[in-house]
There are 2 protein chains.
Amino acid sequence: MAQSIGIVGATGAVGQELLRLLHERKYPFSSIKLLASARSAGKEIRYGDQVYMIEEAVPEVFDGLDVALFSAGASISRTLAPEAAKRGCVVVDNSSAFRMDPSVPLIVPEINAGAAARHNGIIANPNCSTAITLMGLYPLHLAFGLKRFVACTYQAVSGSGVKGMEELEAQLRAWNTGETSAPAVYPHPIAFNLFPHVDAFLDDGYTKEELKMLNESRKILSMPTLAASTTCVRVPVMRAHAISLHAEFERPVDVAAARDAVAAFSGAELCDDPQNNRYPTPLQYSGEEKCGVGRLRIDSALENGLALFVVGDQLLKGAALNAVQIAEALL
Amino acid sequence: MAQSIGIVGATGAVGQELLRLLHERKYPFSSIKLLASARSAGKEIRYGDQVYMIEEAVPEVFDGLDVALFSAGASISRTLAPEAAKRGCVVVDNSSAFRMDPSVPLIVPEINAGAAARHNGIIANPNCSTAITLMGLYPLHLAFGLKRFVACTYQAVSGSGVKGMEELEAQLRAWNTGETSAPAVYPHPIAFNLFPHVDAFLDDGYTKEELKMLNESRKILSMPTLAASTTCVRVPVMRAHAISLHAEFERPVDVAAARDAVAAFSGAELCDDPQNNRYPTPLQYSGEEKCGVGRLRIDSALENGLALFVVGDQLLKGAALNAVQIAEALL
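So, a few notes on the structure that sits alongside this text. (Residues numbered from 1 in each chain as written. Chains lettered and ligands numbered in written order. Predicted model: local features only at pLDDT ≥ 70, side-chain atom pairs only at ≥ 80, totals over all residues. Heavy atoms only, no water.)

**Things to note about the overall build of chain A**
Secondary structure summary: chain A contains nine helices and 14 strands in total. Relative to the globule expectation of 20 Å for 331 residues, the C-alpha radius of gyration of chain A, 20 Å, shows essentially globular dimensions. When burial is assessed residue by residue, chain A has 61% of its 331 residues classed as buried. Put simply, chain A shows about 11,800 Å² of open surface, and 50% of that area lies on carbon and sulfur atoms. Averaging the coordinates of the 29 positive side-chain charges in chain A and doing the same for the 36 negative ones gives two points 1 Å apart. (Helix = DSSP H or I, 4+ residues; strand = E, 2+ residues; numbered from the N terminus. Rg over C-alpha atoms; globule rule 2.2 N^0.38 Å. Buried < 20%, exposed > 50% of the residue type's maximum accessible area, 1.4 Å probe, protein only. Areas by Shrake-Rupley, 256 points an atom, 1.4 Å probe, with all protein chains shown as cover. Lys, Arg positive; Asp, Glu negative; His and termini not counted. Charge placed at Lys NZ, Arg CZ, Asp CG, Glu CD.)

Shown next as structure tokens:
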């Protein structure tokens with residue numbers, strides 16, 4: 001039966017992708033409500049021939065909705081997601097608000113779609129760099145038994161939304177005319193630069209983003225003692241994240257078997273022919289639903305170790321696509 | 001006694017920095033000969049009020065030179081460095097040609113200056129990412145005993161010389177006018193992109209650059225069994241490399257002691273106050289002689305582990321500065 005769908009945060013970069021994916025993937029909807037803050041209410045958004053009028057996201061708009069896809073930040077999710085759930089609307093939440101809540105499933109459909117059914121009205125979508133990382137690690141985990149991993153990320157500015165992308169563009173346009181454009185979204189210039197700072201710092205010196213990768217991986221994989229050390233870095237790339245991984249496994253590893261495992265996994269595409277300059281890059285995987293996995297090789301310092309390089313579109317598998325896949329899994 | 005110096009590869013990005021550093025650091029030279037290929041011979045290069053005429057680098061020009069700083073690629077070094085040495089000219093070679101030759105010292109002056117004296121006419125300057133990495137790892141090695149490390153790099157286009165920098169600029173200028181500028185130096189566009197491909201691929205799936213970091217670290221630190229796994233990535237940054245490090249030590253680690261060790265080391269500058277957005281970035285360390293070390297924290301997956309982020313100017317500590325420091329150590 002066709003569903004009434006809501007998109008909360010419809011004016012954002014992820015919101016726009018959600019609208020497109022619902023159409024392109026032929027999600028069985030009877031109607032789509034685009035919801036945003038009072039400031040955006042009344043504005044029109046076009047998709048193809050259709051014109052959508054933005055409505056203000058208030059509790060009452062969720063009456064009669066079957067599913068709402070939230071991507072408007074953690075504080076809006078904390079306020080409105082329980083209101084939606086109370087009204088019988090299932091929430092797929094892209095924020096960090098409920099991810100570690102034991103009563104909320106945290107889902108990457110290729111890995112733990114079955115856990116989505118045990119929801120109480122809210123299902124969480126993982127952090128972007130975690131979801132993309134797991135597209136590389138999970139098939140290897142199935143093959144060899146993941147023990148621990150080191151992840152260093154190369155994260156696109158789309159992770160900060162439209163304003164992050166606009167800031168990189170503004171700085172590069174200013175550079176072109178010999179001017180400078182001061183940073184506002186980021187604490188430092190991002191053009192020609194990078195910084196090991198994504199989300200806020202915690203007392204132990206890690207960022208929240210780095211901690212998310214550990215904690216969310218543990219929850220999604222149902223491996224509460226999995227070990228990971230992570231460094232998350234923002235780079236001047238538009239919309240695809242890359243993650244360099246050095247991972248240790250329980251069982252002996254083998255590159256040919258690792259390649260087969262990745263190639264057989266529905267969430268990943270093997271892109272691994274270095275002699276012909278084939279390995280995943282952010283430009284190549286921007287706009288792609290699958291994540292690219294390449295540079296598979298025996299790790300030279302870890303026991304039963306493999307090194308690999310994973311790239312995925314931050315707005316798609318890192319956000320909107322995974323959310324729509326969760327909604328599809330519930331159908 | 002003032003020396004007669006030669007710079008081989010004087011028209012390159014590193015060559016220009018060598019000329020500047022010899023002047024600014026008041027290296028005791030009586031004359032500087034700028035040497036390059038036949039194509040550049042006869043061209044003039046200015047430094048301050050002085051005009052230098054480029055001479056062709058042929059064996060005879062090394063007659064009467066005391067020291068020659070080579071930065072013109074491995075094949076020119078292989079041909080001309082032995083000719084220079086035969087004529088009594090001490091070569092400090094920035095290429096990979098002789099680094100792993102057991103008869104050639106491989107020197108980072110802050111670490112193993114003493115080994116420079118045992119040269120047979122040629123001394124090797126390490127790979128840029130190795131030299132910068134060690135500015136972070138070496139003080140921690142002294143404090144805790146390095147056992148193994150994982151390094152993921154974020155390498156600037158200056159590592160490919162002037163032409164790498166020009167290619168990034170050309171692609172960004174083209175983007176600004178809605179055009180595209182095809183890659184020539186790199187196999188893929190570098191603007192808004194990055195790729196895990198620095199130097200050529202080997203049969204085991206590693207690149208030469210990744211292998212250099214392991215082998216050169218072992219030689220410089222005199223630790224022939226040191227373990228390291230490395231991923232080297234080119235990013236759209238102009239001239240400073242960053243390296244994310246997750247390292248395991250022999251003895252228990254402590255963040256306060258690690259910070260003290262870095263702060264006390266002459267090759268590094270502690271830049272580590274994340275709550276105030278202070279950590280090293282490439283823009284901040286471009287043009288700086290010291291390397292910045294920050295994000296020091298207990299590694300969450302390795303035993304006796306520390307994580308850190310190191311940034312250094314690729315043309316300076318990664319190349320020209322280290323070469324001049326070697327020449328200074330020989331005085």
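Anyway, onward from the coordinates.
**Looking at the environment of A:Val185**
Residues and elements named next belong to chain A. Along the chain, Val-185 turns up in the loop between helix 5 (162-176) and helix 6 (208-221). Here Val-185 falls in the partly exposed class, since its relative accessible area comes to 30%. When residues no more than four places from it in sequence are discounted, the contact partners of Val-185 are Ser-160, Lys-163, Gly-164 and Glu-167. (Contact = heavy atoms within 4.5 Å.)

**Here's the deal with helix 6 of chain A**
Between its first and last C-alpha, helix 6 of chain A extends 19 Å over 14 residues, near the 20 Å set by a 1.5 Å rise per residue. All buried positions along helix 6 of chain A are accounted for by A:Glu209, A:Glu210, A:Lys212, A:Met213, A:Leu214, A:Glu216, A:Ser217, A:Ile220 and A:Leu221. Of the surrounding elements, those touching the buried residues of helix 6 of chain A are helix 3 (109-112), helix 4 (128-144), strand 9 (146-154) and strand 10 (227-231) of chain A together with strand 13 (291-298) of chain B. Just downstream of helix 6 of chain A, A:Ser222 is the residue with a positive phi angle, here 55 degrees. (Expected span 1.5 Å × (residues − 1).)

**Some remarks on the sheet that holds strand 2 (residues 29-36) of chain A**
Residues and elements named next belong to chain A. A sheet is described by the order of its strands in space; here six strands give the open sequence 5-2-1-6-7-8, paired in parallel fashion. This sheet does not close on itself; its edge strands, each paired only once, are strand 5 (55-56) and strand 8 (122-124). With six bridges joining them, strand 1 (residues 3-8) and strand 2 adopt parallel strand pairing. Following the sheet pairing, Gly-6 is matched in strand 2 by Lys-33. Along the sheet, helix 1 (residues 13-24) makes contact with strand 1, strand 2 and strand 6 (67-70), crossing strand 2 at roughly 175 degrees. Where helix 2 (residues 74-86) meets the sheet, its contacts fall on strand 1, strand 6, strand 7 (90-93) and strand 8, and the angle it forms with strand 6 comes to roughly 175 degrees. (Pairing = 2+ DSSP bridges. Axes fitted to C-alpha atoms, helices over the stretch in contact; angles between N-to-C directions.)

**Comments concerning the interface of chain B and chain A**
Counting residues at the interface gives 62 residues for chain B and 62 residues for chain A. When chain B packs against chain A, close to 5,100 Å² is buried across both sides, 60% of that on carbon and sulfur atoms. Between the two partners, chain B and chain A, sit four salt bridges. For B:Arg297, the salt bridge identified is with A:Glu210, shortest N-O distance 3.8 Å. Scanning the region where chain B abuts chain A turns up 36 residue pairs in polar contact (both at pLDDT 80 or more). If you list the elements that add at least two residues to the side of chain B that touches chain A, you get strand 9 (146-154), helix 5 (162-176), strand 10 (227-231), strand 11 (240-249), helix 8 (282-285), strand 13 and strand 14 (305-313) of chain B. Of the residues belonging to the side of chain B that touches chain A, the class tally is 35 nonpolar, 16 polar and eleven charged. (Buried area = accessible area lost by both parts, 1.4 Å probe. Salt bridge = Lys/Arg side-chain N within 4 Å of Asp/Glu carboxyl O. Polar contact = N/O pair within 3.5 Å; in protein donor to acceptor, adjacent residues only side chain to side chain. Nonpolar A, V, L, I, M, F, W, Y, C, P; charged D, E, K, R; others polar.)

**Here's the deal with the nonpolar core**
One finds A:Phe62, A:Phe70, A:Leu140, A:Leu146 and A:Phe149 to be the most contacted residues of the largest nonpolar core, which totals 57 residues. Looking at this core, the element that brings in the most residues is helix 4 of chain A, giving seven residues. Once residues within four sequence positions are removed from consideration, A:Leu140 is found in contact with A:Gly145, A:Phe249, A:Ala258, A:Val262, A:Leu296, A:Leu306 and A:Leu308. Counting residues in each nonpolar core, the second largest holds 53 residues, with B:Leu35, B:Phe70, B:Leu221 and B:Leu296 among its members. (Core = buried A, V, L, I, M, F, W, Y, C linked by side-chain atoms within 4.5 Å.)

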